[in-house]
Amino acid sequence: MRWYELLDEKLRDYLPDLPVSAEEPLSKYTSFRIGGPARRMAFPRNAEQLVLLMSFAGECGARPFVLGNGTNLLFPDEGIDRLVVNTRDMADIRLLDGGRVRAEAGASLARVANYACGQGLAGLEFAHGIPGSVGGGVCMNAGAYGGELAQVIEGVNVLFPDEGVRTVPCGDMAFGYRHSLLMEHPDAVVLSAVFALHPDDSAAIRGRMDELMARRKASQPLEYPSAGSTFKRPEGHFAGRLIEEAGCKGLTMGGAQVSEKHAGFVINVGGAACADVLALMAEVQRRVKENSGVTLEPEVRIVK
């Protein structure tokens, strides 16, 4: 039997209430609007379902891939022969004591920031415009405008397939620029995170959030599908500036284009294929290396 047939049997027997789709188009779940079908896509509603699902996936050889908001991902046009675990329904946010907020992995960072604002808790204003989920944001230590999740995370509840579920305190997460401990443990899954915030006036918090959102809208091509910043910021440089100086602004391949508004973004101007994006990224890297000697490293995660 194929892995997905084995998994189907397991889920029918032990998780009959778990929604599962076959050959689900990944383009529906990514901000790039690119990607062929996932062999199976499951939508766990809570941590218990997710833990069981990951255990069954391991037994069946399903090679699970955990998907949050899909804002930093590029999937192949032919799809992937894997189980995609979509955490969109694991989105609970709740207030704890001491100015702390707990959010499940599938909650969007924007929703968590809005919730904190409503509770008169500051510290997540920078995250208001970040389009990713808590799970993805924790994995890559998402940040913007001088803030990053490492500054506000108290601890992360993580499933390690060989160890089970444990809470990892912030100091043990090995946070760095677009990096965390979880990048060395690709099979680990974020279940939830606790954010340690501080009291402030809700109107003042909202004002700062609105200001940062206005800056984002003015400088970024939010009107087009993209995966956010395409390349990481090289030490001592800004990727967008290097790309512009290399003459790549507006460069187009198929339906993919280096944004004319912000050269740090590759956008889908209409019908872009994965191959278009990859070819454009490679050409940008070549030209930047030739022009400045700097090697650009992708920030977009390319899934196979």
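Reference entry: report on the structure contained in this document. (Residues numbered from 1 in each chain as written. Predicted model: local features only at pLDDT ≥ 70, side-chain atom pairs only at ≥ 80, totals over all residues. Heavy atoms only, no water.)

### Some points on the nonpolar core
Now for step 1: In terms of nonpolar packing, the biggest core is built from 42 residues, with Val-112, Leu-124, Val-134, Val-138, Leu-149 and Phe-195 touching the most fellow members.
Now for step 2: At the level of elements, β7 (100–104), α3 (109–118), β8 (121–122), α4 (134–140), β11 (153–160), β13 (189–196) and α5 (202–219) are the ones that each hand at least two residues to this core.
Now for step 3: For this core, the element with the most residues is α3, which contributes five residues.
Now for step 4: With near-sequence residues (within four places) excluded, Val-112 lies in contact with Ile-93, Val-101, Ala-103, Ala-107, Leu-124, Val-134 and Phe-195.
Now for step 5: Ranked by size, the runner-up nonpolar core spans 25 residues in total, among them Leu-251, Ala-263, Ala-272 and Val-277. (Core = buried A, V, L, I, M, F, W, Y, C linked by side-chain atoms within 4.5 Å. Buried < 20%, exposed > 50% of the residue type's maximum accessible area, 1.4 Å probe, protein only. Helix = DSSP H or I, 4+ residues; strand = E, 2+ residues; numbered from the N terminus. Contact = heavy atoms within 4.5 Å.)

### Here we look at the pattern of salt bridges
Now for step 1: Per the stated rule, a full pass over the model turns up 21 salt bridges.
Now for step 2: The partner of Lys-10 in a salt bridge is Glu-59, and the shortest N-O contact between them spans 2.9 Å. Separated by 49 residues along the polypeptide, Lys-10 in helix α1 (residues 3–14) and Glu-59 in helix α2 (residues 47–60) bring together distant segments of the chain.
Now for step 3: The exposure class assigned to Lys-10 is partly exposed, which follows from its relative accessible area of 26%. (Salt bridge = Lys/Arg side-chain N within 4 Å of Asp/Glu carboxyl O.)

### Thoughts on the packing of aromatic side chains
Now for step 1: This structure, assessed with the given rule, holds four aromatic pairs.
Now for step 2: Ring geometry for Trp-3 and Tyr-4: centres 5.5 Å apart, planes at 90°, overall edge-to-face.
Now for step 3: With a centroid separation of 5.6 Å and an interplanar angle of 85°, the aromatic rings of Phe-65 and Phe-75 are classed as edge-to-face. Placement of the pair is Phe-65 in strand β3 (residues 65–67) and Phe-75 in the loop between β4 (73–74) and β5 (80–86), with a sequence separation of 10 residues. Here Phe-65 matches Phe-75 in class, with each residue buried.
Now for step 4: Across the ring face of Tyr-177, the terminal group of Arg-233 is positioned such that the distance to the ring centre comes to 4.5 Å. (Phe/Tyr/Trp six-rings, centres within 6.5 Å; stacked < 30°, edge-to-face > 60°. Lys NZ or Arg CZ within 6 Å of the ring centre and 35° of its normal.)

### Some thoughts on unusual backbone geometry
Now for step 1: With phi around 60°, Arg-33 is a residue other than glycine that occupies positive phi space.
Now for step 2: Mapped onto the elements of the fold, Arg-33 is located in the loop between β1 (20–25) and β2 (37–42).
Now for step 3: When its relative accessible area of 49% is taken as the criterion, Arg-33 is described as partly exposed.
Now for step 4: Its identity is not glycine, yet Asn-141 carries a phi of approximately 50°, on the positive side.
Now for step 5: Inspection of the secondary structure assignment puts Asn-141 in the loop between α4 and β9 (143–144).
Now for step 6: Using a relative accessible area of 0% as the deciding quantity, one classes Asn-141 as buried.

### Description of the sheet that holds β13
To summarise the sheet geometry, strands pair through backbone hydrogen bonds and adopt either a parallel or an antiparallel arrangement.
Now for step 1: Within the open sheet, the five strands sit side by side as β6-β7-β13-β11-β12. Their pairing is antiparallel. A single partner strand is all that each edge strand has here, and the edge strands are β6 (93–95) and β12 (164–169). Sheet twist, expressed as the average angle between the axes of neighbouring strands with direction ignored, equals 15°.
Now for step 2: Pairing analysis gives three bridges linking β6 to β7, with the strands arranged antiparallel. Counterpart to Ile-93 in the pairing with β7 is Ala-103.
Now for step 3: Sheet strands in contact with α2 are β11, β12 and β13, and its direction is about 145° off that of β13.
Now for step 4: Across the face of the sheet, α3 comes into contact with β6, β7 and β13 while running at roughly 25° to β6. (Pairing = 2+ DSSP bridges. Axes fitted to C-alpha atoms, helices over the stretch in contact; angles between N-to-C directions.)

### Some thoughts on α3
Now for step 1: Listing the buried residues of α3 in full gives Leu-109, Val-112, Ala-113, Ala-116 and Cys-117. Each buried residue of α3 lies within a common arc of 140° when the element is viewed along its axis, so the set occupies one face.
Now for step 2: On its buried face, α3 is in contact with β6, β7, β8, α4, β13 and α5.
Now for step 3: Just beyond α3, the residue with positive phi is Gly-120, at close to 70°. (Arc of directions from axis to C-beta.)

### Some details on the packing of α1 against α2
Now for step 1: Across the interface, α1 lies against α2 with an axial gap of 9 Å and an inter-helix angle of 145°. Of the two elements, α1 crosses α2, and the hand of that crossing is right-handed. Between α1 and α2, the contacting residues are Trp-3, Leu-6, Leu-7, Lys-10, Leu-11 and Tyr-14 on the first element and Leu-53, Phe-56, Ala-57, Glu-59 and Cys-60 on the second.
Now for step 2: Grouping the constituent residues of the contact of α1 with α2 by class yields nine nonpolar, no polar and two charged. (Left-handed = near helix turned anticlockwise from the far one by under 90°. Nonpolar A, V, L, I, M, F, W, Y, C, P; charged D, E, K, R; others polar.)

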